[in-house]
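Listed here are the chains, written in short residue letters.
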Amino acid sequence: MRVVSIGLVFAVLGLSAASTPSFASGCRQLLESDVKIASMRLYADMLANAARRGWNYAPEWIVSGSKRHFDELKLRLIDLGYEIVPVGRRLQCDIEG
């Protein structure tokens, strides 16, 4: 499951409209906003699957679960060697020369 989640994150990040780093060039930086979007999409898919099974969650559980999912995803990416760059800071991979 973990490998699938990481693969989905990279697929979502690759489809992001924002300028994403080139993984082929060895860039190991990701914008926090891109990771947040990927996390929200993955979490929404998880909730949709749960709803199809008849599971219902209180709104406060959904909010806390979304935050926890984002935090855990960031930690997994950091464990894999990626740097999560806060919004407002420029990716070093974008700087030429």
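Anyway, here's the lowdown on the structure attached to this text. Fair warning: this is a prediction, and the values are worked out from it, not measured in the lab.

Basis of the calculations
Residues numbered from 1 in each chain as written. Predicted model: local features only at pLDDT ≥ 70, side-chain atom pairs only at ≥ 80, totals over all residues. Heavy atoms only, no water. Salt bridge = Lys/Arg side-chain N within 4 Å of Asp/Glu carboxyl O. Helix = DSSP H or I, 4+ residues; strand = E, 2+ residues; numbered from the N terminus. Buried < 20%, exposed > 50% of the residue type's maximum accessible area, 1.4 Å probe, protein only. Phe/Tyr/Trp six-rings, centres within 6.5 Å; stacked < 30°, edge-to-face > 60°. Lys NZ or Arg CZ within 6 Å of the ring centre and 35° of its normal. Expected span 1.5 Å × (residues − 1).

1. Examining the pattern of salt bridges
Okay, so step 1: This structure, assessed with the given rule, holds 3 salt bridges.
Okay, so step 2: Between E32 and K74 there is a salt bridge; the shortest N-O distance is 3.1 Å. With a gap of 42 residues between them, E32 in helix α2 (residues 32-52) and K74 in helix α3 (residues 59-79) connect regions that are remote in the sequence.
Okay, so step 3: Classification of E32 by relative accessible area gives partly exposed; the value is 24%.
Okay, so step 4: R89 is the salt-bridge partner of E83, the closest N and O atoms lying 2.8 Å from each other.

2. Brief notes about the packing of aromatic side chains
Okay, so step 1: Under the defined criterion, the tally for this structure stands at 0 aromatic pairs.
Okay, so step 2: One Lys or Arg, K36, reaches over the ring of F70 and ends 4.6 Å from the middle of that ring.
Okay, so step 3: Looking at R53, its charged tip hangs above the ring of W55, at a distance of 5.4 Å from the centre.

3. Remarks on α3
Okay, so step 1: Counted at 1.5 Å a residue, the expected span for α3 with its 21 residues is 30 Å, and the 30 Å between its end C-alpha atoms agrees.
Okay, so step 2: Among the residues of α3, G65, S66, H69, F70, L73, K74, R76 and L77 are the ones counted as buried.
Okay, so step 3: Taken from the residues just after α3, G81 is the one with a positive phi, measuring 100 degrees.

Geometric values such as these leave the question of function open.
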